[in-house]
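The residues making up each chain are set out below.
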Amino acid sequence: MNFKEGEVLYFDKPLRWTSFALVNKIRYHISRKLGVKKIKVGHAGTLDPLATGVMIICTGKATKKIEEFQYHTKEYIATLQLGATTPSYDLEKEIDATYPTGHITRELIEEVLKKFVGTIEQIPPAFSACKIDGKRAYDLARNGDNVELKPKTLVIDEIELLECKIPGKESDELPEIKIRVVCSKGTYIRALARDIGEALDSGAHLTGLIRTRVGEISLKDCMKVDDFEQWLDQQEIETTND
């Protein structure tokens, strides 16, 4: 392997890690192995800290491929809690409002999900890496500033309802659904959760997210970050740029 000439590595990003933290960890181990202070390492397609799954990391000259990877279709498994919203549309922030869910049925959910398949307009979350006047939206949102983002056009190829838990009338539990989403670059699954909740008249937020595929790369192709150092020790490493 020649990390300076460029290698493409696939990882299962751990829960609560930022994408940047994963890149830093990989860069650290490669630099140490090569005995160099710096090596170019980047990732294709950011994942939120509360998401896990496929993360493509490129080294050296292969970082030029990052944009190409970002345009690949992505697949996610998302868990949504209905009947409650949060400002971040996920578990980063506490629940700020609850809504009635007595009208929710599996049939209604399946009808609503169909409306999101195809070309849609989506307003990114305020808690996102989108830039406003050179500043990250999440920095502004965390400071309590008002964040207004413009809708983006994107494509959702498939939405499949995998699980649907609707508690009985006497239960205090909120309904929960698990969906599989195949979508284009730039899709925010947290924003999709928000929009599905609005369409159901119940509110919703994301409680779990796994990116299961990027292009042809799926979770089975990915390495655990804890195994990387040992894997690296077993590789035949070239240190020249020839």
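A brief report on the enclosed structure follows. (Residues numbered from 1 in each chain as written. Predicted model: local features only at pLDDT ≥ 70, side-chain atom pairs only at ≥ 80, totals over all residues. Heavy atoms only, no water.)

Side note on the overall build of the protein
Moving on, step 1. Secondary structure summary: the protein contains six helices and 14 strands in total.
Moving on, step 2. Its C-alpha atoms give the protein principal-axis dimensions of about 65 × 40 × 30 Å.
Moving on, step 3. Every one of the 242 residues in the protein was classed for burial, and the buried ones make up 45%.
Moving on, step 4. If you take every contact in the protein between residues at least 6 apart in sequence, the share linking residues at least 24 apart comes to 73%.
Moving on, step 5. As presented, the protein carries roughly 13,100 Å² of accessible surface, and 47% of it is formed by carbon and sulfur atoms.
Moving on, step 6. Averaged over its 35 positive side-chain charges, the protein has a centre that lies 7 Å from the centre of its 39 negative ones. (Helix = DSSP H or I, 4+ residues; strand = E, 2+ residues; numbered from the N terminus. Buried < 20%, exposed > 50% of the residue type's maximum accessible area, 1.4 Å probe, protein only. Contact = heavy atoms within 4.5 Å. Areas by Shrake-Rupley, 256 points an atom, 1.4 Å probe, with all protein chains shown as cover. Lys, Arg positive; Asp, Glu negative; His and termini not counted. Charge placed at Lys NZ, Arg CZ, Asp CG, Glu CD.)

A short note on helix 1 (residues 19-34)
Moving on, step 1. With 16 residues, helix 1 extends 23 Å from end C-alpha to end C-alpha; this agrees with the ideal 22 Å at 1.5 Å per step.
Moving on, step 2. Every buried residue belonging to helix 1 is among Ser19, Leu22, Val23, Ile26, His29, Ile30, Ser31 and Leu34, and all of these are buried.
Moving on, step 3. Here the buried face of helix 1 lies against strand 1 (8-13), strand 2 (41-44), strand 3 (51-59) and helix 6 (228-233).
Moving on, step 4. At the C-terminal side of helix 1, Gly35 shows a positive phi close to 70 degrees. (Expected span 1.5 Å × (residues − 1).)

As for the layout of surface pockets
Moving on, step 1. One number sums up the size of the second largest pocket: a volume of about 180 Å³.
Moving on, step 2. Every residue along the wall of the second largest pocket is listed here: Thr101, Gly102, Ile104, Ile166, Pro167, Gly168, Lys169, Ser171, Asp172, Glu173, Leu174 and Pro175.
Moving on, step 3. Tallied by class, residues from the lining of the second largest pocket come to five nonpolar, four polar and three charged. (1 Å grid on protein atoms, 1.4 Å probe; cavity = no way out; pocket = protein on both sides within 12 Å on 5 of 7 lines; lining within 4 Å. Points joined across faces, edges and corners; volume = space filled by probe spheres on them. Nonpolar A, V, L, I, M, F, W, Y, C, P; charged D, E, K, R; others polar.)

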